[in-house]
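# Descriptive structure summary
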Amino acid sequence: MSGKNVRSLPFRAAVVRQPGGPFELNTVRFQSLRPHEVIVRIVATGMCHTDMVARDGLYPVPQPVVLGHEGAGVVTAIGAEVQRVTVGDHVVLTFLSCGTCRPCLEGAPAGCQNFNALNFSGQRCDGSHALCGNDGQLLHDRFFGQSSFAEFAVVDQRNVVKVRPDAPLEMLGPLGCGIQTGAGAVLNALKVKAGSTFAAFGGGTVGLSGVMAAHVAGATTIIAMDVVAERLALARELGATHVINSREQDPVQAIREITGDGVDFSLDSTGRPEIVRAAVEALRPRGLCGIVGASKPGTTFSLDMNDMMQNCKVLRGIVEGDSIPDLFITQLVELYMQGRFPIDKLMRFYAFDQINQAAADSERGLTIKPVIRIG
């Protein structure tokens with residue numbers, strides 16, 4: 001397939017047409033392929049909490065929209081200016097950054113000043129769209145620069161990461177967001193060290209990825225907190241030395257009983273104000289807490305100012321694991337292929353026409369990381 005005949009290719013995509021509505025499998029078509037863009041045949045894509053909050057209108061993403069932002073697949077066409085990949089390459093899709101703002105130039109693309117416009121606006125920066133319905137109706141796309149709940153995705157070359165061809169593509173999509181976020185928070189942002197103590201508040205994909213990363217980093221005390229017994233059991237399999245069910249124990253008190261004075265590092269992936277406060281309170285003096293959980297816009301939380309000041313604690317917001325995806329995702333692939341980062345233990349697979357079941361299972365806590373097989 002070439003860029004010249006891209007408009008003629010019909011394919012299926014999951015379209016959300018109203019806030020809280022279902023994912024509808026519709027026939028769609030490409031509008032255009034720009035010189036810096038790539039067409040990827042999607043093999044599989046993870047489903048993330050952010051997809052659900054965008055579906056439900058909690059994030060201001062315009063509809064009708066094609067969501068999905070943890071895609072993995074094979075390059076089928078490239079624009080004239082694309083140099084990073086070629087047809088046939090296996091790729092993981094991740095967030096989009098501009099490459100020209102100060103954070104991008106400083107090597108921090110996850111902090112891109114244009115992040116929201118590029119990833120949540122539902123269109124290119126010039127207002128155009130890559131997708132339309134079979135009836136010609138324009139569809140909002142470009143979700144995280146990809147909209148991968150579809151058989152094909154049009155993406156910018158900046159959010160395509162080439163991976164080794166022998167790695168199983170259906171396993172790799174969640175490396176583009178959820179797993180990258182948790183693992184990167186631990187390894188890139190918090191910089192958890194060998195011999196240190198770490199606590200993950202939340203046992204979903206992000207929190208458990210943080211547990212795996214802390215284990216890889218050599219932390220000697222790794223504590224996982226959640227309310228679901230099965231997730232806590234899995235956390236032990238992934239490297240946690242201790243687990244806390246917060247319905248049965250006060251997590252701050254339990255952490256102090258385990259460590260004596262609190263943990264060196266904590267990570268909140270719940271986005272709940274009371275849990276963020278607990279994650280900070282559970283730190284030892286001079287400890288560092290990272291927050292990655294998505295909350296409704298305008299959500300606030302309170303902290304004890306004297307605890308923060310007198311104990312010299314640090315609270316840091318983290319987006320996408322503070323990662324440079326081209327480097328970090330390939331590192332995670334290597335760890336997985338060596339058997340040191342068992343991401344497959346987080347996943348449950350669904351067919352494309354089961355996408356609404358996947359969403360329901362995720363929201364009910366029955367599945368940690370749903371992965372939709374598409375190609």
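See the structure shown above.
Predicted, not measured: the structure shown is a model, and the values here were computed from it.

So, how was this worked out
Residues numbered from 1 in each chain as written. Predicted model: local features only at pLDDT ≥ 70, side-chain atom pairs only at ≥ 80, totals over all residues. Heavy atoms only, no water. Pairing = 2+ DSSP bridges. Helix = DSSP H or I, 4+ residues; strand = E, 2+ residues; numbered from the N terminus. Axes fitted to C-alpha atoms, helices over the stretch in contact; angles between N-to-C directions. Contact = heavy atoms within 4.5 Å. Expected span 1.5 Å × (residues − 1). Core = buried A, V, L, I, M, F, W, Y, C linked by side-chain atoms within 4.5 Å. Buried < 20%, exposed > 50% of the residue type's maximum accessible area, 1.4 Å probe, protein only. 1 Å grid on protein atoms, 1.4 Å probe; cavity = no way out; pocket = protein on both sides within 12 Å on 5 of 7 lines; lining within 4 Å. Points joined across faces, edges and corners; volume = space filled by probe spheres on them. Nonpolar A, V, L, I, M, F, W, Y, C, P; charged D, E, K, R; others polar.

### A few points about the sheet that holds strand β14 (residues 263-268)
- Reading across from one edge, β13-β12-β11-β14-β15-β16 is the order of the six strands in this open sheet, with parallel pairing throughout. At either margin of the open sheet sits one strand with a lone partner, and together these are β13 (242-245) and β16 (314-317). If you compare each strand with its neighbour and ignore which way they point, the axes differ by 15° on average.
- Inspection of the sheet shows β14 paired to strand β15 (residues 283-291) by five bridges, in the parallel sense. Along β15, the bridge assignment pairs Phe265 with Leu288.
- Running over the sheet, helix α8 (residues 251-259) touches β11 (197-201), β12 (221-226), β13 and β14 and is turned about 165° from β12.

### A closer look at helix α6 (residues 205-217)
- If you check α6, its first and last C-alpha atoms are 18 Å apart, about what 13 residues at 1.5 Å a residue would give, namely 18 Å.
- Summarising the contacts, the buried residues of α6 are in contact with α5 (178-189), β11, β12, α7 (229-237) and β18 (369-373).
- Positioned one or two residues after α6, Gly218 has a phi angle of 95°, which is positive.

### Notes on the nonpolar core
- Judged by nonpolar contacts, the single largest core of 52 residues is most densely connected at Leu172, Phe198 and Phe341.
- If you tally residues by element for this core, the top one is α6, at seven residues.
- Excluding its chain neighbours within four sequence positions, the residues that come into contact with Leu172 are Ala72, Val92, Val163, Ala167 and Val333.

### Here we look at empty space enclosed by the protein
- Under the counting rule described, the total for this entry stands at one cavity of 30 Å³ or more.
- In this structure, the largest cavity encloses a volume near 30 Å³.
- Class assignment for the residues of the lining of the largest cavity results in four nonpolar, two polar and two charged.

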